[in-house]
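Structural overview for review
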Amino acid sequence: MNDWPDRRNDAPEERYGRGSTGTEPEGARAMPHVRRPAPPRQVPPQQYRPPQDYDAPGPSDGRGPSDGYNTGQVYGHGSGGGRGRGNPGGGGAGGPGARAGAPDWRKRIKIGAIALVATALVVSVSTYFWADSKMRREVDLNKVADRPAAGSGTNYLIVGSDSREGLSDQDKKDLHTGSADGKRTDSMMILHTGDNGTTMLSLPRDSYVTIPAFTGATSGKQYAQSTHKLNRAYSDGGAELLVRTIEYNTGLRIDHYAEIGFGGFRNLVDALGGVDMCLDKPVKDRDSGADFKAGCQTLNGAQSLAFVRQRHQEADQDLGRMRNQQKFLNTLAKQAASPSTVLNPFRLYPVIGSGLDTLVVDKDMGLWDLASMFWAMKGVTGGDGQQLTVPIGNPNLPTRSDGEAVAWDKVKAKQLFDQLKKDEKVTAVAPK
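Along each chain, the written sequence defines residue order, and numbers are assigned to residues from 1. Local features are withheld for residues below a pLDDT of 70 in this predicted model, meaning they are given only at 70 or higher, and side-chain atom pairs are given and counted only at 80 or more; totals for whole chains, interfaces and linings count all residues. Side-chain numbers come from the whole structure's heavy atoms, not from hydrogens or water.

Observations concerning helix α10 (residues 345-358)
Numbering goes from the N terminus for both helices and strands, where a helix is a DSSP run of H or I of at least four residues and a strand is a run of E of at least two. For a helix, the expected span equals 1.5 Å multiplied by the residue count minus one. With 14 residues, α10 extends 20 Å between its outermost C-alpha atoms, agreeing within 8% with the 20 Å of an ideal straight helix rising 1.5 Å per residue. The buried label goes to any residue with under 20% of its type's maximum accessible area, the exposed label to any with over 50%, and the partly exposed label to all in between, with areas taken from a 1.4 Å probe on protein chains only. Within α10, the full set of buried residues consists of Val351, Gly353, Ser354, Gly355 and Leu356. Structurally, the start of α10 carries an N-cap: the backbone nitrogen of Phe346 is 3.0 Å from a side-chain oxygen of Asn344. Side-chain atoms alone can form a polar contact between residues adjacent in sequence; in general such a contact is a pair of N or O atoms within 3.5 Å, and within protein one must be able to donate a hydrogen while the other accepts it.

Structure (structure tokens):
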């Protein structure tokens, strides 16, 4: 429908010349220079495209042609509330709302850090309870009678036994362990930790000592006090009698006990990927199966067991074997605590599992106590402490029923034990 009167033409003189009955307001007829605004044009939604240049000419900036309508998307000057050059604080399409899709990296980093800490916490707690459940708390030190008073520092008794637990007949043959019944100790060490550093003290298994009176665990038979090799206490009365015998002869109270057998020792070394040892001379021992060339090499579980058990090549037999055992344990602890093991879960978890599966400890031993013992052993390797053997008076003492035994130097040994009990600096003997 045409709103204009009939016979309308485009001539200027005809546009507003129809009188008050026309559709134009009176003011418009009086001002012919004012152009009537065009009606709003309906733009199909699919044809509309937002301006790409905030400074593009608009209908009100006078910089270019105008089609006579306003879409509301004005980015230049004007009163549309848009954020342009003339209204930098505006909240229109050019304001913060246009950046809502940009990633907030500070928030993402914060959330990522929280997630990482939470994951580490869950893994740590899970590992703790998993490891704690695998500990074999089988030794009850509360059963030990006539115990000495506690001294300063902490004393761990570390025992390597010849237990064949978990070994098949083929394993016994391969490891040269034999099939002897019962259990005996292959090595015994007191690890003392305190304010004056760490001391690892080896006790020869052939030490000739007093074994206190005791009652047989299974037979219930009473045994009188006697004098035998230290190894006899373990074979007669197990860990509890061994602890009591060591406490009786040293005056040191044993706070914690840890024991590992042949099978556990082999599995632990294999889980670690072997232990790197440097030998000054070739080692060959038929009884233990040791057969190594001089120089640095990696020993697997079976080879490591043969190395720590061999003694016949050593000039001082048992004493030489103890030195090799100390050297090996230090190297083992150092490698087990290395970043390549601790930071590698594919190695760390098998090492923990292999060690805890066969490690027998006392009922009061916790994971923190076990970790403290382990780090103390590692500390000795790093020079934070010393390695000693109990002072020897006679390494070949003839006895009536035990063959040749090892006699301690009672004066120097007592001085050493007193210093350890008081957690004083050890000066009784020089490190060996």
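The rest of the description comes next.
Brief notes about the pairing of strand β10 (residues 275-279)
Note on strand geometry: in a regular strand, side chains alternate between the two faces of the sheet. Burial along β10 is one-sided: Val275, Met277 and Leu279 are buried, while Asp276 and Cys278, pointing the other way, are not. Only strands that DSSP links by at least two bridges are regarded as paired with each other. With five bridges joining them, β10 and strand β13 (residues 295-299) adopt antiparallel strand pairing. In the sheet register, Asp276 faces β13, and the bridge partner there is Thr298.

Re the side chain of His256
Tracing the backbone through its elements, the reader meets His256 in strand β9 (residues 256-260). Using a relative accessible area of 10% as the deciding quantity, one classes His256 as buried. Any two residues whose heavy atoms approach within 4.5 Å at even a single point are treated as in contact. With residues up to four places along the chain from it excluded, the contact list for His256 reads Leu141, Thr154, Asn155, Tyr156, Leu157, Asp362, Asp364, Met365 and Asp369.

Focus: the packing of helix α6 (residues 262-272) against helix α8 (residues 318-336)
If you want to describe how two helices pack, look at the angle between their axes and the distance between the axes. Note on geometry: axes are C-alpha line fits, over the in-contact stretch for helices, and angles between N-to-C directions span 0 to 180 degrees. As a packed pair, α6 and α8 sit with axes 11 Å apart at the nearest point and diverge in direction by 45 degrees. By the criterion of interaxial angle, the relationship of α6 to α8 is oblique. Remark: the crossing between α6 and α8 carries left-handed chirality. Every residue of α8 that contacts α6 at Phe265, Leu268, Val269 and Leu272 is listed here: Phe328, Leu332, Gln335 and Ala336. Any residue that is not Ala, Val, Leu, Ile, Met, Phe, Trp, Tyr, Cys, Pro, Asp, Glu, Lys or Arg is counted as polar, Gly included; the first ten are nonpolar and the last four charged. Here the residues of the contact of α6 with α8 are counted per class, giving seven nonpolar, one polar and no charged. When an angle is under 35 degrees it counts as roughly parallel; over 145 it counts as roughly antiparallel; between 65 and 115 it counts as roughly perpendicular; any other value is oblique. The handedness criterion is simple: a crossing whose near helix is rotated anticlockwise from the far helix by less than a right angle is left-handed, and one whose near helix is rotated clockwise is right-handed.

Looking at the nonpolar core
Residue types Ala, Val, Leu, Ile, Met, Phe, Trp, Tyr and Cys, when buried and joined through side-chain atoms within 4.5 Å, form a set referred to as a nonpolar core. Grouped together as the largest cluster of nonpolar side chains are 41 residues, with contacts concentrated most on Leu191, Phe307, Phe328 and Leu332. By residue number, the principal contributor to this core is α6, which donates six residues. If we skip the residues at most four places from it in the chain, Leu332 touches Leu268, Val269, Leu272 and Val275.

Structural notes on the state of the cysteines
A pair of cysteine sulfur atoms is labelled a disulfide when the two atoms are within 2.5 Å. Inspection of every chain in the model, using the stated rule, returns one disulfide. A sulfur-sulfur separation of 1.9 Å characterises the disulfide bridge that pairs Cys278 with Cys296. Taking the sign of the S-S torsion, 100 degrees for the link of Cys278 and Cys296, the bridge is right-handed. Separated by 18 residues along the polypeptide, Cys278 in strand β10 and Cys296 in strand β13 bring together distant segments of the chain. With a relative accessible area of 62%, Cys296 lands in the exposed category.

Digging into the sheet that holds strand β1 (residues 136-139)
Strand order in this open sheet of seven strands is β1-β14-β9-β2-β3-β4-β15, and the pairing throughout is mixed. Single-partner strands in this sheet number two, and they are β1 and β15 (385-389). Within the sheet, the average angular offset between the axes of one strand and its neighbour, ignoring direction, is 25 degrees. Both strand β2 (residues 154-161) and strand β3 (residues 185-194) contribute to a ladder of eight bridges, which runs antiparallel. The residue of β3 that forms the bridge with Thr154 is Thr193.

Some thoughts on the packing of helix α3 (residues 105-134) against α10
With their axes 9 Å apart at the nearest point, α3 and α10 run at an angle of 25 degrees to one another. The orientation of α3 relative to α10 falls into the category roughly parallel. Along the contact surface, α3 presents Val123, Thr127, Trp130, Ala131 and Lys134, while α10 presents Tyr349, Ile352, Gly353, Leu356 and Asp357. Grouping the amino acids of the contact of α3 with α10 by side-chain chemistry returns six nonpolar, two polar and two charged.

Notes on helix α12 (residues 410-421)
In a regular helix each residue adds 1.5 Å, so twelve residues correspond to 16 Å; α12 covers 16 Å between its end C-alpha atoms and thus fits that length. Within α12 the residues assigned to the buried category are Ala413, Leu416, Phe417, Gln419 and Leu420. Along the long axis of α12, the arc covered by the buried residues comes to 160 degrees, so they all point the same way. Exposed side chains of α12 directed beyond 90 degrees from the buried face belong to Lys410, Val411 and Lys414. Contact partners of the buried residues in α12: β3, β4 (197-202), α5 (230-250), β15 and β17 (404-408). The arc refers to the directions leading from the helix axis to the C-beta atoms.

Quick look at the pattern of salt bridges
A side-chain nitrogen of Lys or Arg and a carboxyl oxygen of Asp or Glu constitute a salt bridge if their distance falls within 4 Å. Taken as a whole, this structure holds seven salt bridges when the rule is applied. Across the pair Asp146 and Arg244 runs a salt bridge whose closest N-O atoms are separated by 2.9 Å. Residue Asp146 is located in the loop between β1 and β2, and its partner Arg244 is located in helix α5; the two are separated by 98 residues in the primary sequence. Among the residues examined, Asp146 registers a relative accessible area of 65% and is labelled exposed. Residue classification places Arg244 among the buried positions, given a relative accessible area of 16%. Across the pair Glu247 and Arg147 runs a salt bridge, and its minimum N-O distance is 2.6 Å.

Re the confidence of the model for the protein chain
Across the protein chain, the average pLDDT comes to 76, with 68% of residues at 70 or higher. The low-confidence segment residues 1-24 (pLDDT under 50) makes 16 contacts with residues lying over four places distant or belonging to another chain. Scored from 0 to 100, pLDDT reflects the predictor's confidence in each residue. Below a pLDDT of 50 lies the segment residues 26-30, which in the model reaches five contacts outside its immediate sequence neighbourhood of four places, other chains included.

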